[in-house]
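Architecture and fold: a report
Listed here are the chains, written in short residue letters.
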Amino acid sequence: MNLADIRAQFPILNESVRGKQLVFLDSAASAQKPRAVIDAMVHAMEHQYANVHRGLHWMSERTTEAYEGTRDAIAALLNARDRHEVVFTGNSTGAINLVAHSYGRGILRPGQAVLISGMEHHSNIVPWQMLRDAHGIELRVAPITDAGELDMTAFEALLADRKVGLVSITHMSNVLGTYTPAARIAALAHAYGAKVLFDGSQAIVHRKIDVQALDADFYVFTGHKLYGPTGIGVLWARRALLEAMPPFMGGGDMISSVSYECSTWAELPHKFEAGTPAILESIGLNAAIGFMNSVGYDAIAAHEASLTDHALSRLAGIEGLNVIGRAQDRGGVVSFTMQGAHAHDIATLLDRQGIAVRAGQHCAEPLMRRLGLDSTARASFGIYTTHDEIDTLADTLIRVREFFA
Amino acid sequence: MFDDLRDLYQEVILDHGRRPRHGVRLAAYDATAKGDNPMCGDRVQVWVRHEADGRIAETGFEARGCAISIASADLMAEVVGGHSDAEIRDLAGKFRNMARTGTAPDGDAAMERLRPLAGVHEYPSRVKCATLAWHALLAALDGKGDSSSE
Ligand SMILES: Cc1ncc(COP(=O)(O)O)c(C=O)c1O
């Protein structure tokens with residue numbers, strides 16, 4: 001993998017911010033877009049665009065092919081058995097809400113439980129709380145260890161009474177960088193009669209996902225973190241589950257026939273895709289997947305592991321700086337606090353040097369409370385991040401510390 | 001390296017952010033409220049004690065937050081002493097306006113003391129840090145108990 005070539009594909013990396021070369025270390029919030037994604041969307045708007053599944057004309061047919069082509073690309077990306085198992089949503093949040101409504105209300109029964117972990121993003125907490133309050137489903141939370149890993153003993157104990165119908169858990173924490181042991185989680189969930197959903201919003205950016213090897217039941221991710229556009233996300237689920245689940249939203253595209261007395265649902269996956277979908281975004285997402293494949297997950301994983309090691313060792317050398325989370329299996333998301341400097345102040349100072357990091361609670365308030373923190377600063381890495389950028393971060397953090405000393 | 005940030009982090013702010021003078025929970029108070037900025041995790045609680053004539057005798061606070069939010073709470077606690085609730089509402093309006101636009105009316109002693117915080121107007125994401133304590137103070141005066149700077 002040639003990093004200079006990769007960087008050259010991201011036009012935004014040439015931008016200056018406040019007179020300084022942009023050092024973008026906030027990819028976990030949303031990643032930058034490669035030329036291929038930008039061009040694909042512009043090309044569609046300029047040359048090949050119409051609504052999908054509706055027209056008998058050339059433009060609609062070609063656009064439908066492009067839209068459905070993205071479904072094929074995603075099925076291949078996830079190693080899904082069947083392209084009909086891929087449902088487009090607006091983002092990860094939309095995908096989880098779809099499952100919470102449709103599987104939660106349609107299949108789970110009052111008295112059953114949903115089990116999440118202590119390091120979830122709000123998008124994998126709040127939909128289950130809403131389900132709990134509306135439908136009498138218990139919400140259980142599997143604790144994490146001080147190192148920031150899932151406590152597997154406690155996790156299994158929470159499954160023991162077999163009330164848990166669904167485990168919904170992150171595959172990689174957006175705060176701690178921790179990968180959860182997904183295959184083990186799925187095996188345990190199944191052993192106790194539960195289905196399992198993985199929130200792959202972060203994980204899929206850095207690692208090859210194989211839903212069959214993981215033995216997952218649901219897997220969700222969001223396009224904009226995977227170098228694709230905003231406004232498109234994915235729910236993958238086993239065909240039998242999707243078939244059993246009632247539709248979530250009603251409208252056009254999701255029906256096979258409508259009368260005032262009754263309507264019948266379209267085949268999978270359209271049953272879950274009401275309304276005109278994110279057509280241009282699907283085209284952009286396909287280009288993003290093509291870009292990922294052209295670089296290759298092995299190269300991406302190796303590059304990011306080396307960046308993470310470098311960052312952890314540079315940050316460890318800064319007095320008063322405390323890295324949050326010490327998981328064995330972790331990826332390129334590093335949260336930290338600094339004695340004498342609040343995360344916001346750190347972020348503002350870094351921003352003055354053109355360095356973009358995130359500061360705050362990272363949509364994970366309960367996790368922050370568990371860690372006893374109000375906020376952290378977070379640097380996160382992408383395919384285009386360089387070792388030099390991490391050095392710039394570390395050198396600047398030393399100056400931040402001096403500023404507030 | 002951070003010379004151009006001295007507008008935002010003036011010495012007064014760094015000093016009050018590090019060593020707030022009014023960062024205490026009052027033992028005797030007649031109004032209190034919490035302020036919470038859920039996006040970033042900043043929290044403040046303000047306690048107020050009035051004189052018999054309705055003017056503020058003393059203000060104290062406890063806060064978890066950045067240098068800006070703590071310095072702002074501290075300077076606020078300092079300047080509101082001796083003022084009536086109506087005057088404080090007026091001052092809060094001027095302060096909010098200064099945090100957003102960078103300008104404040106001349107010749108107002110309280111606003112002069114708060115002027116070092118005017119630099120936040122260039123940092124839209126930080127305006128809430130500066131105004132959080134004021135939201136909490138107004139909520140306390142209104143008897144609301146808590147507030148949010150969202
Ligand atoms: C772990 C995790 N889950 C879910 C989400 C939600 O993604 P989106 O806002 O695109 O729905 C995010 C990112 O914001 C995330 O990091």
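See the structure above.
Now for a look at the structure at hand. Per-chain numbering applies: the sequence of each chain, read as written, is numbered from 1 onward. By the order in which they are written, chains take letters starting at A while ligands take numbers starting at 1. This being a predicted model, a pLDDT of at least 70 is required before a residue's local features are given, and a value of 80 or more before pairs of side-chain atoms are given or counted; all residues contribute to the totals for chains, interfaces and linings. Processing note: side-chain calculations cover all non-hydrogen atoms of the structure and skip hydrogens and water entirely.

**Structural notes on the interface of chain A and chain B**
Between chain A and chain B, the contact holds 20 residues from the first and 23 residues from the second. The buried area of a pairing is the accessible area, by a 1.4 Å probe, that goes missing from both parts when the two are put together, added over both. When chain A packs against chain B, close to 2,000 Å² is buried across both sides, 51% of that on carbon and sulfur atoms. Together, R352(A), D374(A) and F403(A) form the three largest contributors to the area buried by chain A at its contact with chain B, with a combined 32%. Any carboxyl oxygen of Asp or Glu that lies within 4 Å of a side-chain nitrogen of Lys or Arg is treated as forming a salt bridge with it. Our count for the contact surface shared by chain A and chain B stands at four salt bridges. Where D4(B) meets R352(A), a salt bridge forms, and the shortest distance between an N and an O atom there is 3.0 Å. Distance and chemistry together define a polar contact, namely a pair of N or O atoms within 3.5 Å, with one atom able to donate a hydrogen and the other to accept it when in protein, and with adjacent residues in sequence counting only for side-chain atoms on both sides. Here chain A and chain B share nine residue pairs in polar contact (both at pLDDT 80 or more) between them. Think of it this way: any DSSP run of H or I at least four residues long counts as a helix, any run of E at least two long counts as a strand, and we number them from the N terminus. Mapped by element, the contributors of at least two residues to the side of chain A that touches chain B are α13 (343–352) and α15 (387–404) of chain A. For this classification, the nonpolar set comprises Ala, Val, Leu, Ile, Met, Phe, Trp, Tyr, Cys and Pro, the charged set comprises Asp, Glu, Lys and Arg, and every other residue, Gly included, is treated as polar. For the side of chain A that touches chain B, the residue count by class is five nonpolar, nine polar and six charged. Working rule for contacts: check all heavy atoms of both residues, and any pair within 4.5 Å makes them a contact.

**Some details on the side chain of Q361(A)**
Positionally, Q361(A) belongs in the loop between β16 (358–360) and α14 (365–371). Residue classification places Q361(A) among the buried residues on the basis of a relative accessible area of 4%. For Q361(A), the residues in contact, after removing those within four places along its chain, are M368(A), D374(A), P38(B), M39(B), C40(B), G41(B) and R43(B). The cut-offs for exposure are 20% and 50% of the maximum accessible area for each residue type, with area from a 1.4 Å probe on protein chains only; residues under the lower value are buried, those over the upper are exposed, and the others partly exposed.

**Details of the site of the ligand**
All names here are of chain A. Throughout, the term near means that a residue has one or more heavy atoms lying within 4 Å of the molecule or strand in question. Near the ligand you find N91, S92, T93, H121, S123, N174, D199, S201, Q202, T222, H224 and K225, and these make up its full shell. One of the side-chain nitrogen or oxygen atoms of S201 is found 3.2 Å away from a nitrogen atom of the ligand. Within the side chain of K225, a nitrogen or oxygen atom sits 2.8 Å from an oxygen atom of the ligand. We get accessible surface area from the Shrake-Rupley algorithm with a probe of 1.4 Å; when it comes to residues, only the shown protein chains can shield them. Contact with the protein chains hides 88% of the accessible area of the ligand, taken as 390 Å² for the molecule alone. For the shell around the ligand, the per-class residue count stands at no nonpolar, 10 polar and two charged.

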